[in-house]
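Working through the structure, step by step
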Amino acid sequence: MSKIFTDKDANLDVIKDKKIAVLGYGSQGRAWAQNLKDSGLNVIIGLEREGKSWELAKNEGFTPMHTKDAVRDADIIIFLVPDMVQRTLWLESVKPYMKKGADLVFAHGFNIHYGLIQPPNDSDVYMIAPKGPGPTVREYYKAGGGVPALVAVHQDVSGKALQKALAIARGIGATRAGVIHTTFKEETETDLFGEQVILVGGIMELMKAAFETLVEEGYQPEVAYFETINELKMLVDLVYEKGITGMLKAVSDTAKYGGLTVGKFIINQDVRNRMKEALQRIKSGKFAEEWIEEYGKGMPTVINGLSQIQNSLEEKIGAQLRDLIQKGKPKS
Ligand SMILES: NC(=O)C1=CN([C@@H]2O[C@H](COP(=O)(O)OP(=O)(O)OC[C@H]3O[C@@H](n4cnc5c(N)ncnc54)[C@H](O)[C@@H]3O)[C@@H](O)[C@H]2O)C=CC1
Ligand SMILES: CC(=O)[C@](C)(O)C(=O)O
Ligand SMILES: [Mg+2]
Ligand SMILES: [Mg+2]
């Protein structure tokens, strides 16, 4: 089994006197900045413009600075702006202004693994990749827990890169859950695979396909929504708490039989073959190339895809049912 690092393996002392610049105040940036600060670390926020993130950071107790100023005397520089923005930010606002030898830190390996950022060879370069969305990283931390993460070291000039990565993992709460040592390559490829094939792409299309099949066959959309989208959370929660076996034990024997037989008919060998194809596209760099090109064109596929989803029947039904559904949620 992989070694799982927890609180006892991570010591904040290696970074407690360092100045940490968090670049970006979005999904992860906001969570990291707040968690690191609440862990007693010295955090400053670096942003490009005095826009929405700037206002938010200010309202939440930070004094945001322009990136150039934030990196000037930072010992640790953490890239928490979108992956496609990192290269330009690095070239224009970080590299020319940073302190020689400052640490360069990432939450995902994309820019280093695909060579978009070439770090100077006197910097430690490492990663702490939370395996969960930014708002959850904050929510779990506040509640005394943490979201698991992966750590990896790309360059270790000081000989302390792993210790520092673990310290930051502790600062954001990840060692309360569990941290695994990996490489930039493994993190990048598995993260992209996960979000494309299951977490974002796979699950979304499976929900939509099941919902739309029922509606096309004349069933009430509200019934279809409860069945194919809303109930998914409860089944996934069971897997999260008790494993797949625990989930199977909680459902009826009818569902066990139907699930164990029809599941394999739906998610069949063809699907597995296409999963391998998707992984191959990631490993070869083809996906990265396409995504960079899409981003360069202004992300038309992302914008159109999002607007189609927003206007879909399942989203309209979901919005109508949400108030009702929320009332039934346990108050904890
Ligand atoms: N969203 C998530 O939950 C996860 C993200 N990551 C990684 O964390 C890193 C940050 O991702 P997110 O938090 O999703 O980013 P995001 O999209 O939430 O970042 C938005 C923030 O970046 C800054 N920003 C946006 N556009 C900019 C531009 N053109 N120039 C300069 N700054 C700009 C602003 O501060 C803005 O608030 C990425 O490497 C991502 O792969 C890793 C795990 C999960
Ligand atoms: C939330 C997360 O870990 C993702 C899906 O990989 C991401 O947002 O990039
Ligand atoms: Mg991920
Ligand atoms: Mg990701």
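Worth saying up front: this structure is predicted, and the values here are computed from it rather than measured.

**Quick word on a nonpolar patch on the surface**
- Together, Leu 206, Val 262, Phe 265, Ile 266 and Ile 267 make up an exposed nonpolar region whose accessible area comes to about 480 Å².
- The dominant element in the nonpolar patch, judged by the number of residues it contributes, is helix H12 (residues 253-266), at three residues.
- The residue Val 262 is located in helix H12 in this model.

**Overview of the UniProt feature "binding site: Mg(2+) 1" (unreviewed entry) in the protein**
- Mapped onto this numbering, the UniProt entry gives "binding site: Mg(2+) 1" (unreviewed entry) at Asp 191 and Glu 195.
- For Asp 191, the position within the fold is in helix H8 (residues 184-199).
- Residues within four places of Asp 191 in sequence aside, it is in contact with His 108 and Lys 131.
- Structurally, the position occupied by Glu 195 is in helix H8.
- Residue classification places Glu 195 among the partly exposed residues on the basis of a relative accessible area of 30%.
- Sequence-distant contacts of Glu 195, defined by excluding residues within four places in its chain, comprise Val 200 and Gly 201.

**Some details on the sheet that holds strand S4 (residues 65-66)**
- Within the open sheet, the nine strands sit side by side as S1-S9-S8-S7-S6-S5-S2-S3-S4. Their pairing is mixed. Each having just a single partner strand, strand S1 (4-5) and S4 make up the two edges of the open sheet.
- For S1 and strand S9 (residues 179-182), the ladder comprises two bridges, and the chain directions are antiparallel. Residue pairing across strands places Phe 5 opposite Val 179, the latter belonging to S9.
- The strands that helix H7 (residues 161-171) touches are S1, strand S5 (76-79), strand S6 (103-106), strand S7 (125-130), strand S8 (149-155) and S9; relative to S7, the one it contacts most, it runs at about 30°.

**With respect to the site of ligand 2**
- Every residue lining ligand 2 is accounted for by Gly 132, Pro 133, Asp 191 and Glu 195.
- Asp 191 places a polar side-chain atom, nitrogen or oxygen, 3.1 Å from an oxygen atom of ligand 2.
- Here Glu 195 contributes a side-chain N or O atom positioned 2.6 Å from an oxygen atom of ligand 2.
- Protein contact buries 61% of the 260 Å² of open area that ligand 2 shows by itself.
- Residues belonging to the shell around ligand 2 are distributed by class as follows: one nonpolar, one polar and two charged.

**Things to note about the environment of Lys 327**
- Along the chain, Lys 327 turns up in helix H16 (residues 313-327).
- On the basis of relative accessibility, which here comes to 64%, the residue Lys 327 falls in the exposed class.
- C-alpha separation for the pair Lys 327 and Tyr 257, spaced 70 residues apart in sequence, amounts to 33 Å.

**A look at the side chain of Gln 34**
- With respect to the helices and strands, the residue Gln 34 is situated in helix H1 (residues 27-38).
- On the basis of relative accessible area, Gln 34 is assigned to the buried category, the value being 14%.

**Some thoughts on the packing of H8 against helix H9 (residues 201-216)**
- At a minimum axis separation of 3 Å, H8 and H9 run at an interaxial angle of 5°. Accordingly, the angle class assigned to the pair H8 and H9 is roughly parallel. Of the residues in H9, those touching H8 at Glu 195, Gln 196, Val 197, Ile 198 and Leu 199 are Gly 201, Gly 202 and Ile 203.

**Quick notes on the domain arrangement of the protein**
- According to the domain assignment, the protein contains domain 1 (4-182) and domain 2 (191-328).
- Look at where the C-alpha atoms of domain 1 and domain 2 centre, and you get two points 30 Å apart.
- At the interface, eight residues of domain 1 touch 10 residues of domain 2.
- The contact between domain 1 and domain 2 buries some 810 Å² in all, and 68% of this surface belongs to carbon and sulfur atoms.
- Seen at the junction of domain 1 and domain 2, the total is one salt bridge.
- With a closest N to O distance of 2.8 Å, Lys 131 and Asp 191 form a salt bridge.

Rules used in this analysis
Residues numbered from 1 in each chain as written. Chains lettered and ligands numbered in written order. Predicted model: local features only at pLDDT ≥ 70, side-chain atom pairs only at ≥ 80, totals over all residues. Heavy atoms only, no water. Patch = residues over 30% accessible without salt bridge, like charges linked within 9 Å, V, L, I, M, F, W, Y side chains within 5 Å. Areas by Shrake-Rupley, 256 points an atom, 1.4 Å probe, with all protein chains shown as cover. Salt bridge = Lys/Arg side-chain N within 4 Å of Asp/Glu carboxyl O. Helix = DSSP H or I, 4+ residues; strand = E, 2+ residues; numbered from the N terminus. UniProt positions renumbered as here; feature names shortened; annotations may be inferred. Contact = heavy atoms within 4.5 Å. Buried < 20%, exposed > 50% of the residue type's maximum accessible area, 1.4 Å probe, protein only. Pairing = 2+ DSSP bridges. Axes fitted to C-alpha atoms, helices over the stretch in contact; angles between N-to-C directions. Near = heavy atom within 4 Å. Polar contact = N/O pair within 3.5 Å; in protein donor to acceptor, adjacent residues only side chain to side chain. Nonpolar A, V, L, I, M, F, W, Y, C, P; charged D, E, K, R; others polar. Parallel < 35°, antiparallel > 145°, perpendicular 65-115°, else oblique. Domains from an automatic or database assignment. Buried area = accessible area lost by both parts, 1.4 Å probe.

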